[in-house]
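Below are the chains, spelled out letter by letter.
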Amino acid sequence: MTDAGDSFWITAASPAAGATALVFASPHSGDRYPEDMGAAPGLSPASLRSAEDALVGRLTAEGPRRGASLIEGRIGRAYVDLNRDPGELDPALIEGLDGPVGAKTAAGYGVLPRLAGDGTPLYDRRLTLEEAQGRIAAVHRPYHQALDELMQATRARHGRAVLIDWHSMPARAVGAEVVLGDRYGSACGARLTRRLRDLFEGLGWRVSLNRPYAGGWSTQCWGRPDEGYEAIQIEISRALYLDEATLTPGAGYGRTQKALGRVIAALCAEPWAD
């Protein structure tokens, strides 16, 4: 069963599998860009889409079949970044603001990015504060309200809720196939991080922990083990499955999809996932 919102999709856990304490999310899999974006003339589609986690929603579709609900962003990351603090507005892009801002925002990658994933400027103008607030209200807020409802309902049912936040990273990013981000051990129990590391290394993939991705806004918000909420961010190298020039399945897509299916099946079968 899939519910559609303007800024997200939710695929509920299959009744045949039975729900688990796991909630899957893919905030950067969206590929829709509203007409009011007003991007720079001549900006290529490839640059506009270069920060997307293309096909990640499809790669993690085994989750609902194994009992984990899946929420996916529908709107492209260049329009609004769903994995950023909504207060991280870039004064270099948005009129009427001044600092200070975090390092990512200063570099051009705030909640409304100034730069595309490949470093190309997204605009030849500055946005008004009204535009920025409107995008957050229309896209960012509904997604996080829906994620909040999923996490709270899951904890009410199971006594705990575990967010698995799925992402992809450029092939050039690091010398690993997977980066696990648990905010240096604060966002989830060590057992979850160890189990995921073991599962991915069992595929023959190299795994890095927290470097260079320790977990974004969603991991920060939901990594509260003392309150019954855990979170971990998973970055998968696009070299495993994607043609980065066309954002279409690469030569390894089928193999990677099957491998991730095995990881997801094992994760959802863990006793602590019930």
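For the structure, see preceding data.
Residues numbered from 1 in each chain as written. Predicted model: local features only at pLDDT ≥ 70, side-chain atom pairs only at ≥ 80, totals over all residues. Heavy atoms only, no water.

A. Representation of the overall build of the chain within the structure. Along the chain, the regular secondary structure elements total eight helices and ten strands. Taking 2.2 N^0.38 as the reference for a compact globule, 274 residues should give roughly 19 Å; the C-alpha atoms of the chain span a radius of gyration of 18 Å, in line with that estimate. Looking at the chain residue by residue over its 274 residues, the buried ones come to 53%. Carbon and sulfur atoms make up 50% of the accessible area of the chain, which amounts to about 11800 Å² in all. Computed over 30 positive and 34 negative side-chain charges, the inter-centroid distance for the chain is 6 Å. (Helix = DSSP H or I, 4+ residues; strand = E, 2+ residues; numbered from the N terminus. Rg over C-alpha atoms; globule rule 2.2 N^0.38 Å. Buried < 20%, exposed > 50% of the residue type's maximum accessible area, 1.4 Å probe, protein only. Areas by Shrake-Rupley, 256 points an atom, 1.4 Å probe, with all protein chains shown as cover. Lys, Arg positive; Asp, Glu negative; His and termini not counted. Charge placed at Lys NZ, Arg CZ, Asp CG, Glu CD.)

B. Broad picture of the state of the cysteines. Per the stated rule, a full pass over the model turns up zero disulfides. Free cysteine C221: the closest other cysteine sulfur is in C188, separated by 15 Å. The closest cysteine sulfur to the non-disulfide-bonded C268 is located on C188, 15 Å from its own sulfur. (Disulfide = S-S within 2.5 Å.)

C. The pattern of salt bridges, seen in detail. Scanning the entire structure with this criterion turns up 14 salt bridges. The residue D81 makes a salt bridge to R84 at a minimum N-O spacing of 3.9 Å. Each member of the pair, D81 as well as R84, is classed as buried. With a closest N to O distance of 2.9 Å, E227 and R224 form a salt bridge. Classification of E227 as partly exposed rests on a relative accessible area of 43%. Taken together, the shared-partner salt bridges connect D53, R238 and E244 into one network. (Salt bridge = Lys/Arg side-chain N within 4 Å of Asp/Glu carboxyl O.)

D. Representation of the packing of aromatic side chains. One pass over the full model with this rule turns up three aromatic pairs. A ring pair is formed by F24 and W166, whose centres lie 5.5 Å apart and whose planes are at 65°; its orientation type is edge-to-face. Taken together, the residues F24 in strand β3 (residues 22-26) and W166 in strand β5 (residues 161-169) connect sequence positions 142 residues apart. Taken individually, F24 and W166 each receive the classification buried, so the pair is uniform in this respect. Ring centres of W222 and Y229 lie 4.9 Å apart, and the angle between their planes is 65°; this geometry places the pair in the edge-to-face category. (Phe/Tyr/Trp six-rings, centres within 6.5 Å; stacked < 30°, edge-to-face > 60°.)

E. Geometry of helix α8 (residues 253-269). Under the 1.5 Å per step criterion, the end-to-end length of α8 is 24 Å for 17 residues, consistent within 8% with the ideal 24 Å. Among the residues making up α8, those that are buried are Y253, T256, A259, L260, G261, V263, I264, A265, L267 and C268. (Expected span 1.5 Å × (residues − 1).)

F. The arrangement of the pairing of strand β8 (residues 229-237) in detail. Here β8 lies mainly inside the structure; nine of its nine residues are buried. Side chains of β8 alternate between two faces, with Y229, A231, Q233, E235 and S237 and E230, I232, I234 and I236 buried alike. By the bridge criterion, nine bridges tie β5 to β8 in an arrangement that is parallel. When the bridges of β8 are listed, M169 appears paired with S237. Here strand β6 (residues 178-181) pairs with β8 via four bridges, running antiparallel. Following the sheet pairing, L180 is matched in β8 by I234. (Pairing = 2+ DSSP bridges.)

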